Amino acid sequence: MILDLQLSVSDWLALFNHFLSLSLLAVGGAIILAPDIHRFLVDENQWLTEQQFSSSIALAQSAPGPNVLFVGLMGWNVGLNAGAGLGGGWISVALSALGMLISLLGIMLPSSILTYTTTRWAQKHRDNRGVRAFKLGMAPVVIALLVSTGWLLTASHNDPMRDWPLWVLTLVAMGLVWRTRIHLLWLIGSGALIGALGWV
Amino acid sequence: MPEELPLNRPQSKTDLFWSFTILALQGFGGVLAVVQRELVERKRWMTPAQFVEDWAVAQILPGPNVINFCLMIGGRYFGLAGALAALAGMLAAPTAVLLVLALAFGSVADLAWAQGALRGMGAVAAGLIAATGIKLIPALKSNPVGIGVSATIMLGTFIGVSLLRWPLIWVLLGIGSLACGWAYVQLTRQANAPKANP
């Protein structure tokens, strides 16, 4: 399941460049870039296997931390494949770390610079009517987007006969977060346990 | 209500780093629900209304939302160094955990219980995100957009994104710009109104 790659310096640069160019397109989260990353890494260059691609997303989604780390994990796997082409061992570890660094830096550098400079400017002009109108007008849109995200994640399990326990679990978790101050880790842990026992 | 008590602020860049490390490590299936719980309800660095406004900006600018958010918050209190401290907190520990998981999970990924655990965690995470949205709705009460118009905007956005599956960018440009335009009109009206109740 690991590929044997021979990556040149220009290949690494192409990888960096691809993520750099995607960064500013990631409106609403890096996950919307997944189809394009798939096209580049799996279809065109074959630097990553189909299985490595999908398990990178699944793992990063379920692990703690920002979901954008799935990009870093893909870079890690590309490095792993390149290391296997060079005999593996410590070279693999070094190339994996390089792949991860390049990917994360590429995907975050342009958007972070833009965010930092824009929000510093907006903070300085926070009493400006246009800035206030933007934040206040967007507030209801953003709240609806949060509820929609929960909806879309649930609706992706779309077989009522099989998936109804999953929907019940989502609803119960939603009710508990909304109405109680129970620690979120208890909920996630219970979800993992219920799932591992095969109840959902 | 939390709004009535005075707000706190991060004590130092180290405080920022650890605060974001701790909340990132709790963020299974996305950090957003934890950000709201920790920064608004527990640490009280911001009110729910401020959180919605800041989150709106983080969401609309390109790039990962929570990364944008931690850059904003860090930058607000301690400038560039603060932004970098918050960013490092958000990324360092979760990356290490993810690599350990990737190495460990490789051998059990195909087992039924591991698949089931992921399904269960995913379902809970969906509930957490939706509940975070619902909990923020009361923050709109003080919004000059008005509760009726806000409800209409929310309903329209939800239908567009969830049911009609419009691309996000068109929802933001379409409904979003209408909403901002309306907010601008309301702010202008407020500013021009005679100060009846100061």
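In this text the structure is predicted, and so the values were computed from the model without any measurement.

A. Region of the structure containing the overall build of chain B. Assigned secondary structure in chain B consists of seven helices and zero strands. Helices and strands in chain B line up, N terminus first, as α-α-α-α-α-α-α. The buried share of chain B, taken over its 198 residues, is 51%.

B. A look at the interface of chain A and chain B. Contact with chain A, which involves 78 residues of that partner, is made by 85 residues of chain B. Elements represented by at least two residues in the side of chain A that touches chain B include exactly α3 (50–62), α4 (69–85), α5 (90–124), α6 (129–155), α7 (160–179) and α8 (184–196) of chain A. Take the side of chain A that touches chain B: its biggest share by element is 25 residues, from α6(A). Residues belonging to the side of chain A that touches chain B are distributed by class as follows: 49 nonpolar, 25 polar and four charged.

C. Here's a closer look at the packing of α6(A) against helix α5 (residues 112–136) of chain B. At a minimum axis distance of 8 Å, the contact between α6(A) and α5(B) shows a crossing angle of 160°. When the interaxial angle is binned, α6(A) and α5(B) end up roughly antiparallel. Seen from above, α6(A) lies across α5(B) with left-handed handedness. Side by side, α6(A) and α5(B) meet where A:I143, A:L146, A:V147, A:T149, A:G150, A:W151, A:L153 and A:T154 of the first sit next to B:G122, B:A126, B:G127, B:I129, B:A130, B:T132, B:G133, B:I134 and B:L136 of the second. A class-by-class count of the residues in the contact of α6(A) with α5(B) yields ten nonpolar, seven polar and no charged.

D. Focus on the domain arrangement of chain A. Each assigned domain of chain A is listed here: domain 1 (9–120) and domain 2 (127–196). On a C-alpha basis, the centroid separation for the pair domain 1 of chain A and domain 2 of chain A is 27 Å.

E. Region of the structure containing unusual backbone geometry. Residues and elements named next belong to chain B. Positioned with a positive phi, R44 is a non-glycine residue whose angle comes to about 55°. Relative to the elements of secondary structure, R44 occurs in the loop between α2 (32–42) and α3 (48–60). The exposure class assigned to R44 is partly exposed, which follows from the 16 C-beta atoms found within 10 Å. Despite not being glycine, R165 has its phi angle at roughly 60°, a positive value. Mapped onto the elements of the fold, R165 is located in the loop between α6 (147–163) and α7 (168–192). C-beta crowding within 10 Å serves as the criterion here: with 10 such atoms nearby, R165 is assigned to the exposed category.

F. Highlighting α7(B). All names here are of chain B. Taking 1.5 Å per residue as the helical rise, α7 with its 25 residues ought to reach 36 Å, and the 35 Å between its terminal C-alpha atoms agrees with that figure. At G176, α7 is deflected by roughly 30°, the largest bend along its length. Of the positions making up α7, those classed as buried are V171, L172, I175, G176, A179, C180, W182 and A183.

Definitions and limits used
- Counting from 1, residues in each chain are numbered in the order their sequence is written.
- Note on labels: chains are lettered from A, ligands numbered from 1, in written order.
- Confidence filtering applies because this is a predicted model: local features only for residues at pLDDT of at least 70, side-chain atom pairs given and counted only at 80 or more, and all residues used for totals across whole chains, interfaces and linings.
- Put simply, DSSP H or I for four residues or longer makes a helix, DSSP E for two residues or longer makes a strand, and each gets a number counted from the N terminus.
- Residues with at least 20 neighbouring C-beta atoms inside 10 Å of their own are called buried, those with 12 or fewer are called exposed, and the rest are partly exposed, where every C-beta is derived from the backbone.
- Each residue is represented by a C-beta atom placed from its backbone, and any two residues with such atoms within 7 Å are regarded as in contact.
- Following the grouping adopted for this structure description, the nonpolar residues are Ala, Val, Leu, Ile, Met, Phe, Trp, Tyr, Cys and Pro, the charged ones are Asp, Glu, Lys and Arg, and the polar ones are all others, Gly among them.
- Think of each axis as a best-fit line through the C-alpha atoms, taken over the contacting stretch in the case of a helix, with angles from 0 to 180 degrees between the N-to-C directions.
- Roughly parallel covers angles under 35 degrees, roughly antiparallel covers those over 145, roughly perpendicular covers 65 to 115, and oblique covers all other angles.
- The hand of a helix crossing depends on one turn: near helix anticlockwise from the far one by less than a right angle means left-handed, and clockwise means right-handed.
- Domain borders in the structure are assigned automatically or taken from a domain database.
- An expected span of 1.5 Å times one less than the residue number is assigned to each helix.
- To get the bend at a residue, fit one axis to the 7 residues ending there and another to the 7 starting there, then take the angle between the axes.

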